[in-house]
Amino acid sequence: MANMAMEKVPMPERDPKERAKCFEEVATGYTAAMAQEEAARCLGCKAMPCVKGCPVGVQIPDFIQKIAAGDFEGAYDTITATNSLPAVCGRVCPQESQCEGKCVRGVKGEPVGIGRLERFAADYVREKGNKKIETVPSNGHKVAVIGGGPAGLTCAGDLAKLGYQVTIFEAFQVAGGVLMYGIPEFRLPKQIVQEEINNLKDMGVEIRTNMVIGKIQSIDELMEEGFEAVFVGSGAGLPRFMGIPGEGLIGVCSANEYLTRINLMKGYLPEYETPVIKSKAVAVVGGGNVAMDAARSALRMGAEHVYIVYRRSEAEMPARLEEVHHAKEEGVEFLNLNNPVELIGDENGRVCGMKCIRMELGEPDESGRRRPVEIKGSEYVLDVDTVIMSIGTSPNPLIRSTTEGLEANRWGCIVVNEETMATTKEGVYAGGDAVTGAATVILAMGAGKTAAASIDEYIRSK
Amino acid sequence: MCDIIKTIAQIQAKFYREVNTVFLITEKTVLNQDVVKIKVSAPLIAKKALPGQFIIFRVNELGERVPLTIADYDREGGTITLIFQLVGNSTRQLAQLEVGDSILDLVGPLGVATEIPEDVKSVCVIGGGVGCAIAYPQAKALFNQGYDVDVIAGFRNKDIVILENEFKAVSNNLYVCTDDGSYGIKGLVTAVLKEQIDSGKKYDLVIAIGPIPMMKFVCKTTEPYEIKTIVSLNPVMIDGTGMCGGCRVTVGGKIKYACVDGPDFDGHQVDFDELMRRNGTYREQEHECRMMKLADKADK
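Residues numbered from 1 in each chain as written. Chains lettered and ligands numbered in written order. Predicted model: local features only at pLDDT ≥ 70, side-chain atom pairs only at ≥ 80, totals over all residues. Heavy atoms only, no water.

S.K.: Whenever I open this one, the overall build of chain B confuses me. Can you help?
M.R.: Along chain B, the regular secondary structure elements total nine helices and 17 strands. Put simply, chain B has 300 residues, and 55% of those count as buried. For chain B, long-range pairs separated by at least 24 residues make up 65% of all intrachain contacts whose partners lie at least 6 apart in sequence. Carbon and sulfur atoms make up 52% of the accessible area of chain B, which amounts to about 13,300 Å² in all. (Helix = DSSP H or I, 4+ residues; strand = E, 2+ residues; numbered from the N terminus. Buried < 20%, exposed > 50% of the residue type's maximum accessible area, 1.4 Å probe, protein only. Contact = heavy atoms within 4.5 Å. Areas by Shrake-Rupley, 256 points an atom, 1.4 Å probe, with all protein chains shown as cover.)

Okay, structure coming up:
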């Protein structure tokens, strides 16, 4: 009998006041009973609209039915058949615009909490410690994956399942990409990321850290070494700045820098050496997930006031609903329809204020969102001692500038055939932010998955 | 308490370790009280390194990622040479390692190698203090390629003069100067440079590597003579691959990233004042942190 409750079983969360001071995970996860209760809300539609909304095609009704029946390990197996990083996706996917956005239950009431259930299954199996890793006999073919982020990990996992010998070349000291350097501990514990990566290693994937491909070795050299195909998932690159006066002042940084110091370099732990800027009042410019991560991290680092300064209104915010909601609960102050025009410095060259102008929404622009227009004469100065720019990135230039035959578009994104993720260079495939510009973890994973299938076909047809 | 944290960090470090090269220190020389030279086994980096490029090191799990310019490389022996000044915690920790110890992480070669414009014949390489360690491979490469190379090496005083013999071997003329006159010519590198130019010496290119004020004033000196001047910048940096944006510098009014666009830039276009300011971002914090640690030690 389906559970016809209009709302999801609530997710247990730490108290906002308590959690805004620590880096412990905010959402603590369903119990088995909660998961079964929520799973019972799924109607098991034959048409499976939710699956169409999933970039990696997780068989959603199937795994939910298994949870409802108490077969949690079976549910995990169903998920991992198509998704190599379930504990990650259950936490960071924008479910509301993907699987849950298509859920029939969402027409009237809340959709089924698919993300929460996915997380539950992954956490259950991990905590039980009895996951079984299938190792496939090697087929003798070598594939190189450049970048150990979501796209690369997914591509590597899928290829390993097919018997390929996969080597991931990671630029940092640890694999994980944005899951390690970008998304904070309180949203995605690093231990979980590393355990998902360990699963890949158990499947036979080799990870070589400290390897910046394009510098230490080129793609051509990798191919000469015997890699038959290469997947480029090198991720997002240079952070954008606004080009307004004062961005060179002390106390102004990109969200990438701020978050990397805190997450990858663990600057929030006193025993780690990497310094993180100390702030009283922080303005984070932007309205995406990265902006929310930076703002919520700033609170935890001890800032008294943290502002999100966003030029459109909340309805246009690209961040996940849950992130906005959590940020508000924790005390982040939202200055929507505001845009910075100048950063003001004190006599020591340290930022001490941000001149903003108020905006209103005009006609829709090419993105379909209503264009923000300045309200003349509405400038004012916001007192801040730190400004974190979180207005996007442009793709990393290292690979495209060192690989002959690899075409990029005028924004620097690697050009691919979207059906196959094949680049203009034979045997080289690409996906994730390196192709799309800054996007989501799950889209990168989808691209990694598509590329893995294409690479398999390419090598088999050789 | 601190020990427990360290143990946890070590366990974590083990947990996080992945397939990796061991970056073994094969040679170590203390050049002066503040400057240490080490040779590190890093065959892949040694194979690719070019003058002007840098590496990023991390001494241990708790350490920062810190950029250092590659001072020399031995492609056959598979080693790179690093010469560094003890300026912060990380360089101090690096200096504590001995032959046989290894560095946890070493990434490189990063950055764009120095590009010498085609019509250049005569180059003046200027090093200031530990900047001489980076100026040296430049002078060596240029000299070996047949350029006419003069070197001006400036130091605060006699005690910190380094690489004099090395420079002598790779230059047509070497001018060593000290601020206090305790060794060589008394005065700043800019005075020596101006004197050379005014006495009729023709330089097609000046390469200046050293403290920011030195590079700034070398550029001010060469500007009226319209001599192209390349500087090697050392801004705040974390990843070194064009991701964090910490190393942004203003060059010709535009944002450039030292890790992927540099570290070499046209010195006449660089906003040195901004660079100097931004390099001080974490100085107070590091000082405070060191004081805390000293106080901790005193307590025990």
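S.K.: What's the story with a nonpolar patch on the surface in this structure? I'm lost.
M.R.: Residues and elements named next belong to chain A. Together, Met4, Leu43, Val104 and Val107 make up a nonpolar patch on the protein surface, roughly 400 Å² of accessible area in all. Residue position: Val107 is located in the loop between helix H6 (86–92) and helix H7 (114–128). Take Val107: its relative accessible area is 73%, and that puts it in the exposed class. (Patch = residues over 30% accessible without salt bridge, like charges linked within 9 Å, V, L, I, M, F, W, Y side chains within 5 Å. Salt bridge = Lys/Arg side-chain N within 4 Å of Asp/Glu carboxyl O.)

S.K.: Sorry, what's going on with the sheet that holds strand E8 (residues 105–110) of chain B here?
M.R.: One key point about sheets: their strands pair by backbone hydrogen bonds, in either a parallel or an antiparallel sense. Residues and elements named next belong to chain B. On the basis of which strands lie adjacent, the open sheet formed by three strands has the order E4-E3-E8 and antiparallel pairing. Looking at strand neighbours, the two that pair on one side only are strand E4 (66–69) and E8, the edges of this open sheet. Across the sheet, the axes of successive neighbouring strands diverge by a mean angle of 25°, strand direction being ignored. (Pairing = 2+ DSSP bridges. Axes fitted to C-alpha atoms, helices over the stretch in contact; angles between N-to-C directions.)

S.K.: Where do I start with the packing of aromatic side chains in this structure?
M.R.: The description of an aromatic ring pair uses the distance of the two centres, along with the angle that the planes make with each other. Residue and element names in this part refer to chain A. Throughout the structure, instances matching the rule amount to nine aromatic pairs over all chains. Ring geometry for Phe72 against Phe120: centres 4.9 Å apart, planes inclined by 90°, an arrangement best described as edge-to-face. On the criterion of sequence distance, the pair formed by Phe72 in helix H5 (residues 72–80) and Phe120 in helix H7 is long-range, its members being 48 residues apart. The two residues Phe72 and Phe120 agree in class, both being buried. A connected cluster of aromatic rings, assembled from ring pairs, spans Phe23, Phe186 and Tyr268. When the ring centre of Phe186 is taken as reference, the NZ or CZ atom of Arg300 above it lies at 3.7 Å. Sitting above the plane of the Phe334 ring, Lys328 keeps its charged end 5.4 Å from the centroid. (Phe/Tyr/Trp six-rings, centres within 6.5 Å; stacked < 30°, edge-to-face > 60°. Lys NZ or Arg CZ within 6 Å of the ring centre and 35° of its normal.)

S.K.: Mind showing me how you'd approach the state of the cysteines here?
M.R.: A disulfide bridge is the covalent bond that connects two cysteines by way of their sulfur atoms. Tallying each qualifying case throughout the model produces zero disulfides over all chains. No disulfide involves Cys50 of chain A; its sulfur sits 6.5 Å from that of Cys42 of chain A, the nearest cysteine. Classification of Cys50 of chain A by relative accessible area gives buried; the value is 9%. Cysteine Cys253 of chain A shares no disulfide, and the gap to the nearest cysteine sulfur, in Cys244 of chain B, comes to 9.1 Å. (Disulfide = S-S within 2.5 Å.)

S.K.: What is the right way to read the pattern of salt bridges from this model?
M.R.: Two side chains of opposite charge can pair, provided their charged atoms sit close to one another. Residues and elements named next belong to chain A. Counting across every chain of the model gives 38 salt bridges over all chains. With a shortest N-O distance of 2.9 Å, Glu38 and Arg41 are connected by a salt bridge. Per residue, the accessibility class of Glu38 equals that of Arg41, and both read buried. Asp456 is paired through a salt bridge with Arg460; the nearest N and O atoms lie 3.0 Å apart. Placement of both Asp456 and Arg460 in helix H16 (residues 441–460) is noted, with a separation of four residues, approximately one turn of the helix. Through salt bridges with shared partners, a single network forms among Arg19, Arg187, Asp293, Arg296, Arg300, Arg320, Glu322, Glu323, Glu329 and Glu330.

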